[in-house]
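Examining the three-dimensional arrangement
Spelled out from the first residue to the last, the chains are:
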Amino acid sequence: MVHLYLNSSPTLDTTLLDARGWRVIRRFNVLTRPLSAAGDPLPVPDPVTGVTLRECRTDADRRRVHELLDAAFADHFEYHPRPYDEWLAGLGSDRTDWSLVWIASLAGLGDAGVLMARNDDTSRGWIRHLGVLEAARGRGIGSHLLRHAFGAFAARGRDTVGLGVDTQNTSEALRLYLRHGMTLHYAVHTWQVELPVRTTAR
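In this text, all values refer to a predicted model and were calculated from it rather than measured experimentally.

1. Observations regarding the packing of aromatic side chains
Following the criterion strictly, the structure yields 3 aromatic pairs and no others. An angle of 40 degrees between the planes, with centres 6.3 Å apart, marks the rings of F28 and F77 as tilted. Taken together, the positions of F28 in strand 2 (residues 23-34) and F77 in the loop between helix 2 (59-72) and helix 3 (84-91) put the pair 49 residues apart, joining distant regions of the chain. F28 gets classed as partly exposed once you look at its relative accessible area, which sits at 24%. A relative accessible area of 24% means that F77 is categorised as partly exposed. Measuring from ring centre to ring centre gives 5.9 Å for Y84 and W87, while their planes differ by 35 degrees; the resulting arrangement is tilted. Of this pair, Y84 and W87 are both found in helix 3, 3 residues apart, which corresponds to roughly one turn of the helix.

2. Some details on the nonpolar core
In this structure, L115, I127, I141, L146, L163 and Y177 are the most contacted members of the largest nonpolar core, which totals 29 residues. Mapped by element, the contributors of at least two residues to this core are strand 4 (101-106), strand 5 (110-118), strand 6 (125-132), helix 4 (141-155), strand 7 (160-166) and helix 5 (173-179). With 8 residues, the single largest contributor to this core is helix 4. Once residues within four sequence positions are removed from consideration, L146 is found in contact with L115, I127, L130, L163, L176, Y177 and H180.

3. So, the packing of helix 2 against helix 3
When two helices pack together, their arrangement is captured by the angle between the axes and the distance separating the axes. Contact geometry for helix 2 and helix 3: axes closest at 11 Å, N-to-C directions at 95 degrees. Between helix 2 and helix 3, the crossing angle belongs to the class labelled roughly perpendicular. Residue-level inspection shows D59, R62, R63, V65, H66 and L69 of helix 2 in contact with helix 3, the latter providing Y84, D85 and W87. Of the residues in the contact of helix 2 with helix 3, the class split is 4 nonpolar, 1 polar and 4 charged.

How each quantity is defined
- Residue positions are given per chain, counted from 1 along the sequence in the order it is written.
- For this predicted model, a pLDDT threshold of at least 70 governs which residues receive local features, and a threshold of 80 or more governs which side-chain atom pairs are given and counted, while totals over whole chains, interfaces and linings are taken from all residues.
- Heavy atoms throughout the structure, all of them, feed into the side-chain values; hydrogens and water do not.
- In this scheme Phe, Tyr and Trp rings, the latter by its six-membered ring, pair at centre separations within 6.5 Å, and the angle between planes marks the pair as stacked below 30 degrees, edge-to-face above 60, and tilted otherwise.
- Think of it this way: any DSSP run of H or I at least four residues long counts as a helix, any run of E at least two long counts as a strand, and we number them from the N terminus.
- Each residue is assigned to one of three classes by its accessible area relative to the maximum for its type, calculated with a 1.4 Å probe on protein chains only: buried under 20%, partly exposed between the two thresholds, exposed over 50%.
- Side-chain atoms within 4.5 Å link the members of a nonpolar core, which is a set of buried Ala, Val, Leu, Ile, Met, Phe, Trp, Tyr and Cys residues.
- Here a residue-residue contact requires only that any non-hydrogen atoms of the pair lie within 4.5 Å.
- Every angle, taken between N-to-C directions, lies between 0 and 180 degrees, and every axis is a line fitted to C-alpha atoms, over only the stretch in contact when it is a helix.
- The labels follow the angle: roughly parallel below 35 degrees, roughly antiparallel above 145, roughly perpendicular from 65 to 115, and oblique for the rest.
- Gly is put with the polar residues, along with every residue not named as nonpolar or charged; the nonpolar set is Ala, Val, Leu, Ile, Met, Phe, Trp, Tyr, Cys and Pro, and the charged set is Asp, Glu, Lys and Arg.

Now the structure itself:
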């Protein structure tokens, strides 16, 4: 399989892709939302009962983030789990602002969700990952993490936050983001083609 990513309103003619067997199999939306210190205060107003957050401060916390993401995204399209050291290197851990990574715990369940964000984009704050364990979904953990990230970015002077989401995400992440005021900035289609397998005669 080969994948190609194109804007949903491409500037090129896609008829050749169609003719050669390429098909759109997925759509990813990039969503944004305006921020303000007044509208996105910290601490989060009306916090979810039983949910507490902690910053990712230690190596043990980072390993826990890795475990939570692997579990939360196990069934997601194109998610490939990697060993901890490889995952850390891929993040560019020396450039990662770990104060923008939060682990959410739920009373009676323990660590159940994580949000990773970054603040190195010139135009907006960016949410890299938001994952909640399947057993803990529907209890407001994702909303609490999201609202906390909004407040953290607003406190740093950001006026916009963005993220990317698979519109076919089975955890209904798109609905969560829209409910919290995020709107479509642009969309990307994933095109796929299956190539024949060639064997070499011996």
